[in-house]
Amino acid sequence: GKGKWNGFDERDMLLSYNALKVLEARYLLKNPDTLRYVETPQMMFRRVANFLAKVDTSYGKSEEEVKKIADKFYEIMSSLKFLPNTPTLMNSGTRLGVLSACFVLPVRDSMTTPEGEGIYDTLRAMALVHQQGGGTGFDFSELRPKGDVVASTAGVASGPISFMKIFDVSTDVVKQGGKRRGANMGIMHVWHPDVNDFIKAKTGQLKDAQLQNFNISVGIYDYFMKAVERDEEVPLVNPRKTRVPGSNWDSYMVKARGYMDEEYIQELILKELEEKDAVWLDESSVITLDEAMVIAEKEGAVTSKVNARVIFDEIVKGAWDSGDPGIVFIDEINRRHPINYIGKIQATNPCAEEPLLPWESCNLGSVNLEKFVIEKEGKAIIDWDSLADTIRYAVRMLDNVIDANRYPLKQIEEATKKTRKVGLGVMGFSRLLVRLGIPYDSVDALYVSYNLAKFVYYQAFHASIELAKEKGSFPAYDPVLYRDIFDTARSFNELLEVAKLKGEVSPSVKRLMERAESLDFSQLKGERMIKGLRNSTVMSIAPTGTISIISGTSSGIEPLFALAFIRNVAVGKFMEVDPLFLEYLKRYEMDDPEVVSKIAETGSVAENVFIPRTIRNVFRTAHEVAPEYHLLHQASWQQWNDSGVSKTINLKSEETPETVSKIYMMAWRLGVKGITVYRDKSKSQQVIYFGIKK
Ligand code: UDP
C-alpha cells in the first residue's frame, strides 16, 4: 500500500546507506535511559518541521496555517530538496536549544571585562557554544603581542598564540554536543607584531601537532596586497599602544578606507573623541594610511616595518606546506557587508562562509541543486519554479530558527536578533553539472555557477522582503544605509578577464540559464525600500559536510572528490562508489565489476583510455580540475552572495608554492572574501582519501 506501514515510510527510501549510518549515529533521538531509538528519519524531519513552524503562532498565524507551513517544511526536507544545518536537525524540539552552526566571539585585551568580552569570558562563551554543536570564530589581534608589558602585575605578556592554545585545549575537552569535534577559526590581522609566529603556528614541525581544533587565517587588507605588488614595507603595530578612536589602530584604518561616507566618519570620530576624552590629531580630514602611520609612530605603536612580500611568501609557504594559514580579505568583507553601518567585521566562523560581527550567530541551510534537474523532451533542464518555491520556504524556515533558537548567552541573542542573519546555501552543485552534461572545468560551468547564484540570491532576497512585509524588518534595518550587494557584483566577463580566461559560453547553456540571466534587481531594490527586509543577509555557501551525506549529494559547490573513495568521519570509515558515476557506466554498458574495481584503485578515470571521452570530461575530480576553475567557481558564487563561500582549492600533491602564490593574488583581484588551499597528502590526517587502495 501507499505511505506508512509499521513506522516505515517510503520517503525513507530516498536515503542512502551512508545517510542512514550518519543519521543513526548522531541525529536520531534516543531514549537517554535505554539508549533505544525513539524516532525514524521521517519522525526527525517532522520534529524539526513542527518545532520551527510553531514560531508562526506568535506572529498571529492560525493553527491551520501553522500546520500548512509545517507540512511544507516537512516536504522540502523529506524530499531532500533542502536541509538546515546540523544543530537545527539535532537540537530542534529537544532539551538542547542551540540551532545555529556559526558564531563569532570578541576577544578583548583583558582577562575579563564588564561586558564579558575578556579572554576568559570568551573562553567560557566558547565552551557553551561548543557544548551544543556550534562552531566559533575569533579575531585575536586585539591582544597585546608577546613580550609586551602587563601593567597590573609588572609582568610580561605571553601573546595571542599562547591564549589560542588554551582555547584549543578547551575545545578538545568539550566535544560538540558530545557528537562532533569543536571547530574554530582563529584570525590575526596582518599588522599584528606576532603575525610571523601566527603564520607558522600550524606548519613545519607544528603541523599535525599544534592548534588542531583551529583553522587559522590571516586578516589581509588592500593596502597590504598593494604593498606586496609594489615590494613595499608595511608597519607592525602594537594594539595596546595606540590611543586612536575606537578600540585599536585597526578600526582607525577602516574609517580611512572609505567604507562609510565622510560625514558619517566625522560624526563617529567626534562621538568617540567625546566618549574617550582623546585628542584627534587631524580633525579636518579623513585619515589615510600614511596619516595613520604618522600617528601610530608618534604614539610609539609601530614596533617595526617589514617587507610585505616577505610576510606574503611566508603565508604562501605555510598554506602550501599544510593548508594553514588561509586568508580572509577584511576590506572586501566589509565593503560588501550590507549593514556595514553597524560596525566592522573582524572575523568569520570556522569554515569562513560567515563573516560576522562580534557576538553574532547565523544559522545555515542548503538547497540540494541536484534535485532540480528535470528531463523535458529528452533534454536535461532546471526546474526553476520548484527551486524558487523551495527557496521561499527555506528562507522562512531559517528565519524561524532565529526565534526558535535558545541562545547560550544574552549577548549572542541580542546581536543575532538585531541583524537576523540567515545563510541559505547550496549543495549538489557539481552533480547538477554532471546531470546537465557540463564539465566543471569549463566556461559553461562557470556561467551556470554565476547565474545560479544570481537566481538563488534573487529568490532568497525576495523571500526576505516578503517576510518583512508579514513580520517586520530586522531591527537594525535602515533602508537608506543598507548596501545592496547587487550594486557591487562583478560581471561575468570581468571575472573571466581578471583570470585571463578566454572562451565563449555555448548557446545551449545560454538558453538553459535565460531565466536567471534576465532577473531585474532594480525592481527588487524598490520593493526592499517599500516593504523592508527581514534578514540583513540571506545567503552563505556552507561546506555541507554532513548534510550533503544525508542528502546523498556532492558537498557545497565543490567538484566531485573521487569516483570511489574512503571517507573518514567521526563515526567510522566509509567506502563509497559514486552512484551517479555507476549510472553513467550502465548507460554505456560498462558497469562491469572488474572495470569498477579498477577505477576504484585511483578514484578517477581521467587517464583511463577505455572510458568514453564524455564520461571522462564530466567526471573530473577535485584534483583534475585546474586551480583557476576552483577559484572562479568560488568567485562566481561570491558575486551574488551577501555572506561568504566555503571552498577549498584542492591542489595536486606536486603543485608548487608559486601556484599558491598566484591563486592567493588572483583571489584578491577576483573579490572573494577568503581563500583556503589544500594540497593532497600535505597533512597526516585528512577527511577524505582518494582511491580505495590508500
Ligand atoms: N561546524 C562545526 N563543527 C563541525 C562541522 C561544522 O562547528 O564539525 C560548523 C562550522 O561553523 C561550519 C558550519 O558548522 O562552518 C557549517 O558546516 P557544514 O556545512 O559542514 O555543517 P553540516 O550542517 O553539514 O553538518
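This structure is a prediction, so every number in the text was calculated from the model and none was measured.

Trainee: When you look at the packing of helix H2 (residues 41-53) against helix H14 (residues 384-404) in this model, what are you seeing that I'm missing?
Mentor: Two measures define how a pair of helices packs: the angle their axes make with one another and the distance between the axes. Here H2 crosses H14 at 70°, and the two axes come no closer than 9 Å. Classified by the angle their axes make, H2 and H14 are roughly perpendicular. On the side of H2, the interface is formed by Val 48, Phe 51, Leu 52 and Ala 53, while H14 contributes Met 397, Asn 400, Val 401 and Ala 404. Its residues placed into classes, the contact of H2 with H14 shows 7 nonpolar, 1 polar and no charged.

Trainee: Sorry, what's going on with the site of the ligand here?
Mentor: For the ligand, the set of nearby residues contains 21 residues, the closest of which are Thr 86, Glu 353, Thr 544, Gly 545 and Thr 546. Thr 546 is positioned with one of its side-chain polar atoms (N or O) 2.8 Å from an oxygen atom of the ligand. In the environment of the ligand, an oxygen atom lies 2.9 Å from a nitrogen or oxygen atom belonging to the backbone of Ile 547. Burial of the ligand by the protein chains amounts to 90% of its free accessible area of 520 Å². Each of two domains, domain 1 (10-97 + 361-531) and domain 2 (102-348), supplies a minimum of three residues to the shell around the ligand.

Trainee: Before we go on, may I ask you to explain the environment of Ser 661 in this structure?
Mentor: Residue position: Ser 661 is located in helix H27 (residues 657-670). Under the relative-accessibility criterion, Ser 661 is labelled partly exposed at 22%. Beyond its immediate sequence surroundings of up to four residues, Ser 661 is in contact with Phe 312 and Val 316.

Trainee: What exactly am I supposed to notice about helix H15 (residues 410-419) here?
Mentor: Because the α-helix completes a turn every 3.6 residues, residues three or four places apart line up on one side. Residues of H15 that are buried include every one of Gln 411, Ile 412, Ala 415, Thr 416 and Thr 419, and no others. Taken end-on, H15 shows its buried residues confined to a sector of 120°, consistent with a single buried face. In H15, the exposed positions that point more than 90 degrees away from the buried face belong to Lys 410 and Glu 414. At the C-terminal side of H15, Arg 420 shows a positive phi close to 50°.

Trainee: Help me understand the packing of helix H12 (residues 308-322) against H27 in this model?
Mentor: Their axes nearest at 9 Å, the elements H12 and H27 cross at an angle of 115°. As H12 runs across H27, the sense of the crossing is right-handed. Taking contact as the criterion, the partners of Phe 312, Ile 315, Val 316, Ala 319 and Trp 320 in H12 are, on H27, Pro 657, Val 660, Ser 661, Tyr 664 and Met 665. Here the contact of H12 with H27 is composed, by residue class, of 9 nonpolar, 1 polar and no charged.

Analysis parameters
Residues numbered from 1 in each chain as written. Predicted model: local features only at pLDDT ≥ 70, side-chain atom pairs only at ≥ 80, totals over all residues. Heavy atoms only, no water. Axes fitted to C-alpha atoms, helices over the stretch in contact; angles between N-to-C directions. Helix = DSSP H or I, 4+ residues; strand = E, 2+ residues; numbered from the N terminus. Parallel < 35°, antiparallel > 145°, perpendicular 65-115°, else oblique. Contact = heavy atoms within 4.5 Å. Nonpolar A, V, L, I, M, F, W, Y, C, P; charged D, E, K, R; others polar. Near = heavy atom within 4 Å. Polar contact = N/O pair within 3.5 Å; in protein donor to acceptor, adjacent residues only side chain to side chain. Areas by Shrake-Rupley, 256 points an atom, 1.4 Å probe, with all protein chains shown as cover. Domains from an automatic or database assignment. Buried < 20%, exposed > 50% of the residue type's maximum accessible area, 1.4 Å probe, protein only. Arc of directions from axis to C-beta. Left-handed = near helix turned anticlockwise from the far one by under 90°.

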